[in-house]
Amino acid sequence: MSILVTGGAGYIGSHTIIELLNAGYEIIVLDNFSNSYPESLKRVHEITGRDMKVYAINLLEKDGLEEVFSENKIQAVIHLAGMKAVGESVEKPLKYYQNNLSGTLALFQAMQKYSVKKLVFSSSATVYGTPKTVPIKEDFPLKATNPYGRTKLMVEEILHDLYQSDNDWSISILRYFNPIGAHPSGMIGEDPADIPNNLVPYITKVAVGELDELKVFGADYPTKDGTGVRDYIHVVDLALGHVKALEWNLSTTGLHTYNLGTGKGYSVMEIIQAFEKTCGIKIPHSISKRRPGDIAISFADPAKAEKELNWSASRSIEEMCVDSWRWQSNNRVGDNKKGKKDEEIEATF
Ligand code: UD1
């Protein structure tokens, strides 16, 4: 029996697969490599010494999905595949609805057809919109403010309907806060195709000299130093959260939603300082205007995941900075982009 990981070559996926392989699971990866590279899976293999089966297909290809489900005995699915750039989703909403909704529906239909009813779904703290208070609990009101966020919220709602219709399903919805950091080996990490939108990938590109300076988006928020506050979580802690959620899914039925965060908030200035201190590199930065759509402050109440999944994040902000930096300094532009994207990859790494 295997665990199917969609979007397995991506940032969250590759780290999650390492932890799943380390825990002894058999893994099948489904990825269209639209925003990731086969190289990351080769590196996962090098790190763990374990093999996995890889299908280079798009969720929208019905025949491809049919092949994956008919050729393998799949026990559970961890669904991470999806597009995630907020700005792009505003410009190209139909592309986001097509990929994140139609692709997801096709996956759920295949699961239903083959009676695979155990699912971990990657959602996002973005579904809380602008929270009235912090820390944010899972039962706070939900309101997405852009097409990307709406696709996450819509899939959450679809899952509630699905569970209502068939209580044999076992579903965990994981709402990620701000994943940063990289595997401590420095071999895999976040690798945005273009100029990064997110804070830490931007900082590491400035640190390595690929970008000149960081623009701090607003210093007039009602926060400790005026800059935005977020709950940054080490991607390895996040990956371990998926393993715990999967264990829960395999042992029972039901639908549960969990915040995956640390419960601590750091401001942009605090992140710059932590990075400068732990990595010994100055990050040139200047204050610019607020980024439209940003909120002042967001951090999780992770108590539910701790109580029910026996999971909590343990890695410090310093480890997050050092690991992000190790990954970035080991992997200059294009290093990890080896391997043809368009080549038909159906292989075992
Ligand atoms: C972003 C996404 C959100 C997603 C989350 C998880 C947007 C608007 N939101 O959230 O949907 O769920 O990532 O990865 O993209 N900042 C700067 N300068 C920069 C970049 C960021 O000052 O160059 C600040 C932001 O204003 C914010 C903080 O850094 O206060 C974190 O930003 P970012 O890493 O983009 O994450 P979020 O805005 O929380």
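Reference entry: report on the structure contained in this document.

1. Considerations on the pattern of salt bridges
Then, number 1: Applying the stated criterion across every chain, the model contains 17 salt bridges.
Then, number 2: Among the ionic pairs, Arg-43 bridges to Glu-39, the shortest N-O distance being 3.0 Å. Taken as a pair, Arg-43 and Glu-39 lie in helix α2 (residues 38-48) at a separation of 4 residues, close to a single helical turn. Glu-39 matches Arg-43 in its accessibility class, with the two residues each being buried.
Then, number 3: Via salt bridges that share partners, Glu-88, Lys-92 and Lys-95 belong to a single interconnected network.

2. Remarks on the pairing of strand β1 (residues 2-6)
Then, number 1: Burial analysis of β1 places 5 of its 5 residues in the buried class, which makes it a mostly covered element.
Then, number 2: With burial as the criterion, each face of β1 is covered, one bearing Ser-2, Leu-4 and Thr-6 and the other bearing Ile-3 and Val-5.
Then, number 3: As defined by bridge partners, β1 adjoins strand β4 (residues 74-79) across 5 bridges and the pair is classed as parallel. In the sheet register, Val-5 faces β4, and the bridge partner there is Ile-78.
Then, number 4: Considered for its hand, the β-α-β crossover made up of β1, helix α1 (residues 11-22) and strand β2 (residues 27-30) is right-handed.

3. What about helix α6 (residues 147-165)?
Then, number 1: Between its first and last C-alpha atoms α6 spans 27 Å; for 19 residues at 1.5 Å apiece the expected length is 27 Å, and the two agree.
Then, number 2: The complete set of buried residues in α6 reads Pro-147, Tyr-148, Gly-149, Thr-151, Lys-152, Leu-153, Val-155, Glu-156, Leu-159, Leu-162 and Tyr-163.

4. Quick notes on the site of the ligand
Then, number 1: Residues in contact with the ligand amount to 19 residues; listed here are only the nearest, Lys-215, Phe-217, Arg-230, Arg-291 and Asp-294.
Then, number 2: Between a nitrogen atom of the ligand and a main-chain N or O atom of Lys-215, the distance comes to 2.7 Å.
Then, number 3: Starting from 740 Å² of accessible surface for the ligand in isolation, the protein chains cover 86%.
Then, number 4: The element that contributes the greatest number of residues to the shell around the ligand is strand β8 (residues 214-217), accounting for 4 residues.
Then, number 5: Taken together, the residues of the shell around the ligand break down into 9 nonpolar, 6 polar and 4 charged.

5. Comments concerning the packing of α1 against helix α8 (residues 235-251)
Pairs of packed helices are described in terms of their axes, by the angle between the two and the distance that separates them.
Then, number 1: The contact between α1 and α8 brings their axes to 8 Å, and the two run at 60°. If you check the angle between α1 and α8, you find them oblique. Regarding α1 and α8, the two cross each other, and that crossing is right-handed. Here Tyr-11, Ile-12, His-15, Thr-16, Glu-19 and Leu-20 of α1 come into contact with α8, specifically with Val-235, Val-236, Leu-238, Ala-239, Leu-240, His-242, Val-243 and Leu-246.
Then, number 2: A class-by-class count of the residues in the contact of α1 with α8 yields 10 nonpolar, 3 polar and 1 charged.

6. Here's the deal with unusual backbone geometry
Then, number 1: Cis geometry is adopted by the peptide bond preceding Pro-135, which originates at Val-134 and carries an omega value of -5°.
Then, number 2: Take Pro-135: it is sitting in the loop between β5 (118-124) and α6.
Then, number 3: In the Ramachandran plot, Ser-115 falls in the positive-phi region, its phi being about 55° despite a non-glycine side chain.
Then, number 4: Looking at the secondary structure, you find Ser-115 in the loop between α5 (93-113) and β5.
Then, number 5: Residue Ser-115 is classed as exposed on the basis of its relative accessible area of 54%.

7. Some remarks on the packing of helix α9 (residues 268-279) against helix α11 (residues 317-330)
Then, number 1: Between α9 and α11, whose axes approach to 9 Å, the crossing angle comes to 65°. Looking at the two axes, α9 sits roughly perpendicular to α11. As α9 packs across α11, the resulting crossing turns out to be right-handed. Two secondary-structure elements touch here, α9 through Ile-271, Ala-274, Phe-275, Thr-278 and Cys-279 and α11 through Ile-317, Glu-318, Cys-321, Val-322 and Trp-325.
Then, number 2: Taken together, the residues that form the contact of α9 with α11 break down as 8 nonpolar, 1 polar and 1 charged.

8. Focus on the packing of aromatic side chains
Then, number 1: Applying the stated criterion across every chain yields a total of 3 aromatic pairs.
Then, number 2: With a centroid separation of 6.0 Å and 80° between ring planes, the pair formed by Phe-275 and Trp-325 is classed as edge-to-face. Of the two residues, Phe-275 sits in helix α9 while Trp-325 sits in helix α11, which places them 50 residues apart along the sequence.
Then, number 3: The exposure class of Phe-275 is buried, given its relative accessible area of 1%.
Then, number 4: The buried category is assigned to Trp-325, whose relative accessible area is 17%.
Then, number 5: Here the basic side chain of Arg-290 rests over the ring of Tyr-221, its NZ or CZ set 4.0 Å away from the ring centre.
Then, number 6: One Lys or Arg, Lys-304, reaches over the ring of Tyr-258 and ends 4.9 Å from the middle of that ring.

About the thresholds
Residues numbered from 1 in each chain as written. Predicted model: local features only at pLDDT ≥ 70, side-chain atom pairs only at ≥ 80, totals over all residues. Heavy atoms only, no water. Salt bridge = Lys/Arg side-chain N within 4 Å of Asp/Glu carboxyl O. Helix = DSSP H or I, 4+ residues; strand = E, 2+ residues; numbered from the N terminus. Buried < 20%, exposed > 50% of the residue type's maximum accessible area, 1.4 Å probe, protein only. Pairing = 2+ DSSP bridges. Right-handed = clockwise from strand over helix to strand, strands pointing away. Expected span 1.5 Å × (residues − 1). Near = heavy atom within 4 Å. Polar contact = N/O pair within 3.5 Å; in protein donor to acceptor, adjacent residues only side chain to side chain. Areas by Shrake-Rupley, 256 points an atom, 1.4 Å probe, with all protein chains shown as cover. Nonpolar A, V, L, I, M, F, W, Y, C, P; charged D, E, K, R; others polar. Axes fitted to C-alpha atoms, helices over the stretch in contact; angles between N-to-C directions. Parallel < 35°, antiparallel > 145°, perpendicular 65-115°, else oblique. Left-handed = near helix turned anticlockwise from the far one by under 90°. Contact = heavy atoms within 4.5 Å. Phe/Tyr/Trp six-rings, centres within 6.5 Å; stacked < 30°, edge-to-face > 60°. Lys NZ or Arg CZ within 6 Å of the ring centre and 35° of its normal.

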